[in-house]
Amino acid sequence: MKGVFVTFEGIEGSGKSTQIGLLADYLTASGRPVTLTREPGGTPIGDQVRKILLDPASKGLDPVAELLLYAASRAQHLREVILPALEKGRVVLCDRFSDATLAYQGHGRGLDIDMIRALDRIVTGGRRPDLTILLDIGAAAGLARARGRNSSRELEHEGRFENEETAFHHRVREGYLALAKEQPERFRVVDASRSPDEVGREIREIVDDMLRMSN
Ligand code: TMP
């Protein structure tokens, strides 16, 4: 059986981590081999890069340097984890991938989209996810959730991006929606403002349908 590559995207507070965990449990319980991973990170080297990227002390990071660090983390991750898992027929669930770079560094930071796409072709060799679930929520609602989470839990970091202004996250959201519109065959947009149960049910239906068709 050939592997299936599913990515989760969305702004801060869209509920990605919860939903990806629920889906991993569901698929594992139904006997599917699942690889659960994330970006930036997903490998020991990528996790080092993640530390630099998410450290509030990296405030002075140049936007192009930042872009290249995300790209470096992805290149390592794709070759070390994602492609081998797909080769073994596993379902790879990845929390963020190339679309995050287009949405955050492109639409959010304002870096040239064509440059990001060109870099992405080098990094991924054109390998795209088979399915991308976009958890869509308004910037203000997402940030309110993310801030609540940060203050109620000890996190690895306060989150450099969560300190960005709402307008930035609004641009990121619009960027994601534009990407989804451009590639409707790959993207499924899910309304993430609903309860985790409702969102989870819709995601399971989408993924079940997709797996049925790919068998
Ligand atoms: P997360 O683990 O909470 O999703 O955090 C990762 C952060 O990194 C999030 O704020 C989005 C950001 N990010 C980018 O800006 N570009 C990228 O390519 C990726 C993968 C993440």
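As the structure is a prediction and not an experimental result, all values here were calculated from the model.

Enquirer: Any details on the overall build of the chain? Residues and values, ideally.
Expert: Along the chain, the regular secondary structure elements total 8 helices and 5 strands. Counting from the amino terminus, the chain carries its helices and strands in the arrangement β-α-β-α-α-β-α-α-β-α-α-β-α. Over its C-alpha atoms the chain spans a radius of gyration of 16 Å, differing by no more than 12% from the 17 Å that the globule rule assigns to 215 residues. For the chain, the C-alpha atoms occupy an extent of roughly 45 × 40 × 35 Å along the three principal directions. Looking at the chain as a whole, 49% of its 215 residues qualify as buried. Put simply, 79% of the contacts in the chain that link residues at least 6 apart link residues at least 24 apart.

Enquirer: Describe the packing of aromatic side chains, and please don't skip the residues or the numbers.
Expert: Taken as a whole, this structure holds 3 aromatic pairs when the rule is applied. A ring pair is formed by Tyr104 and Tyr176, whose centres lie 6.3 Å apart and whose planes are at 80 degrees; its orientation type is edge-to-face. With Tyr104 in helix α4 (residues 98-108) and Tyr176 in helix α7 (residues 166-182), the pair connects residues that are 72 residues apart, well separated along the chain. Residue classification places Tyr104 among the buried positions, given a relative accessible area of 5%.

Enquirer: Tell me what's going on with a nonpolar patch on the surface, and back it up with residues and numbers.
Expert: On the surface, a cluster of nonpolar side chains totalling about 230 Å² of accessible area is made up of Val64, Leu68 and Met115. With respect to the helices and strands, the residue Leu68 is situated in helix α3 (residues 63-87).

Enquirer: Please provide a residue-by-residue account of the site of the ligand, values included.
Expert: As a structural note, the neighbourhood of the ligand is formed by 14 residues, with Glu12, Arg50, Arg96, Thr101 and Gln105 the closest of them. Tyr70 places a polar side-chain atom, nitrogen or oxygen, 3.0 Å from an oxygen atom of the ligand. Contact distances for the ligand include 2.8 Å between a nitrogen atom and a side-chain N or O atom of Gln105. Breaking the shell around the ligand down by element, the ones donating at least two residues are α2 (44-54), α3 and α4. In terms of residue class, the shell around the ligand is built from 6 nonpolar, 2 polar and 6 charged.

Rules used in this analysis
Residues numbered from 1 in each chain as written. Predicted model: local features only at pLDDT ≥ 70, side-chain atom pairs only at ≥ 80, totals over all residues. Heavy atoms only, no water. Helix = DSSP H or I, 4+ residues; strand = E, 2+ residues; numbered from the N terminus. Rg over C-alpha atoms; globule rule 2.2 N^0.38 Å. Buried < 20%, exposed > 50% of the residue type's maximum accessible area, 1.4 Å probe, protein only. Contact = heavy atoms within 4.5 Å. Phe/Tyr/Trp six-rings, centres within 6.5 Å; stacked < 30°, edge-to-face > 60°. Patch = residues over 30% accessible without salt bridge, like charges linked within 9 Å, V, L, I, M, F, W, Y side chains within 5 Å. Areas by Shrake-Rupley, 256 points an atom, 1.4 Å probe, with all protein chains shown as cover. Salt bridge = Lys/Arg side-chain N within 4 Å of Asp/Glu carboxyl O. Near = heavy atom within 4 Å. Polar contact = N/O pair within 3.5 Å; in protein donor to acceptor, adjacent residues only side chain to side chain. Nonpolar A, V, L, I, M, F, W, Y, C, P; charged D, E, K, R; others polar.

Remember, this is a structural readout, not a statement about activity or role.
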